[in-house]
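# Survey of secondary and tertiary structure
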Amino acid sequence: MPLYKTGIDMYKKYEKKFNPTVIGTRFTDIRDLALERAQAGLNFVGTIRDLVRPILDEYGITGTNRAIYLAFATKLAKHALKHKSEAGKTVATGLKSEYVNAWGCDPSILDEIINVVMGWAIQY
């Protein structure tokens, strides 16, 4: 019979596991690696934004709508690097459907973003 953790059990482990002294030491030990990874990740996001910005400017997308399209592009790029060729196309189609139906995005703009991002990440 399995043992199920309760919220109290998880909290007790959390309380014991996260000692500020130990965590401070760990952060100090991995600081250089963490900064390198942060720089790589932020450069990735910056590149995606630079690729998509001209498309959004062309269509006059501003404000919160712009953020939605940029989120689509970032999410698409993240998945495109994991899923190549046919799997990448399937993921792109699914994300496009989500952003059209849930967020009210224009499908033709999403298609342009897909072409730019997938062309940068993999052959689409």
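Residues numbered from 1 in each chain as written. Predicted model: local features only at pLDDT ≥ 70, side-chain atom pairs only at ≥ 80, totals over all residues. Heavy atoms only, no water.

Averaged over the chain, the pLDDT score is 90; the fraction of residues at 70 or greater is 96%. Confidence scores differ between elements of the chain, with helix H1 (residues 7-17) showing the lowest mean pLDDT of 89 and helix H2 (residues 20-59) the highest of 94. (pLDDT = per-residue confidence, 0-100. Helix = DSSP H or I, 4+ residues; strand = E, 2+ residues; numbered from the N terminus.)

A separate point is the packing of aromatic side chains. If you walk through the whole model with that rule in mind, you get 3 aromatic pairs. For the ring pair Tyr14 and Phe18, a centre distance of 4.8 Å and an interplane angle of 45° mean the geometry is tilted. Arranged with centres 5.1 Å apart and planes meeting at 65°, the rings of Phe72 and Tyr99 form a pair that is edge-to-face. Of this pair, Phe72 sits in helix H3 (residues 63-82) while Tyr99 sits in helix H4 (residues 85-101); the two residues are 27 residues apart in sequence, bridging distant segments of the chain. One aromatic cluster in this structure is built from Phe72, Tyr99 and Trp103. (Phe/Tyr/Trp six-rings, centres within 6.5 Å; stacked < 30°, edge-to-face > 60°.)

This paragraph deals with the packing of H3 against H4. Contact geometry of H3 with H4 gives a least axis separation of 10 Å together with a crossing angle of 160°. As the angle between them shows, H3 and H4 are arranged roughly antiparallel. As for the relative orientation of H3 and H4, their crossing is right-handed in sense. Of the residues in H4, those in contact with Ile68, Ala71, Phe72, Lys75, Leu76 and His79 of H3 are Val91, Ala92, Leu95, Lys96, Glu98 and Tyr99. The residue makeup of the contact of H3 with H4, split by class, is 8 nonpolar, 1 polar and 3 charged. (Axes fitted to C-alpha atoms, helices over the stretch in contact; angles between N-to-C directions. Parallel < 35°, antiparallel > 145°, perpendicular 65-115°, else oblique. Left-handed = near helix turned anticlockwise from the far one by under 90°. Contact = heavy atoms within 4.5 Å. Nonpolar A, V, L, I, M, F, W, Y, C, P; charged D, E, K, R; others polar.)

Let's shift gears to H2. An α-helix turns once per 3.6 residues; consequently, residues spaced three or four apart project the same way. Helix length check: H2 (40 residues) gives 49 Å between terminal C-alpha atoms against 58 Å at 1.5 Å per residue, more than 12% under. Taken residue by residue, H2 has Ile48, Val52, Ile55 and Leu56 as its buried positions. Capping the start of H2, Asn19 holds a side-chain oxygen 2.9 Å from the backbone nitrogen of Thr21, two or three residues further along. (Expected span 1.5 Å × (residues − 1). Buried < 20%, exposed > 50% of the residue type's maximum accessible area, 1.4 Å probe, protein only. Polar contact = N/O pair within 3.5 Å; in protein donor to acceptor, adjacent residues only side chain to side chain.)

In the structure shown here, the tally under the stated rule is 5 salt bridges. A salt bridge links Glu86 to Lys89; its shortest N-O distance comes to 3.4 Å. Here Lys89 and Glu86 lie together in helix H4, a separation of 3 residues that amounts to about one turn. Overall, the relative accessible area of 53% leaves Glu86 in the exposed class. (Salt bridge = Lys/Arg side-chain N within 4 Å of Asp/Glu carboxyl O.)

Checked against the element boundaries, Pro54 lands in helix H2. Since its relative accessible area comes to 48%, Pro54 is described here as partly exposed. Between the alpha carbons of Pro54 and Val91 there is a distance of 23 Å; along the sequence they are 37 residues apart.

The next subject is a nonpolar patch on the surface. A contiguous nonpolar surface patch, about 350 Å² in accessible area, is contributed by Tyr11, Tyr14 and Phe18. Examined against the element boundaries, Tyr14 turns out to sit in helix H1. (Patch = residues over 30% accessible without salt bridge, like charges linked within 9 Å, V, L, I, M, F, W, Y side chains within 5 Å. Areas by Shrake-Rupley, 256 points an atom, 1.4 Å probe, with all protein chains shown as cover.)

A separate point is H4. The terminal C-alpha atoms of H4 lie 24 Å apart, and with 17 residues this matches the ideal 24 Å at 1.5 Å per residue to within 8%. Of all the residues in H4, the buried ones are Gly88, Ala92, Leu95 and Tyr99. Taken end-on, H4 shows its buried residues confined to a sector of 70°, consistent with a single buried face. Seen from the buried face of H4, the exposed residues on the opposite side, beyond 90 degrees, are Glu86, Thr90 and Asn101. (Arc of directions from axis to C-beta.)

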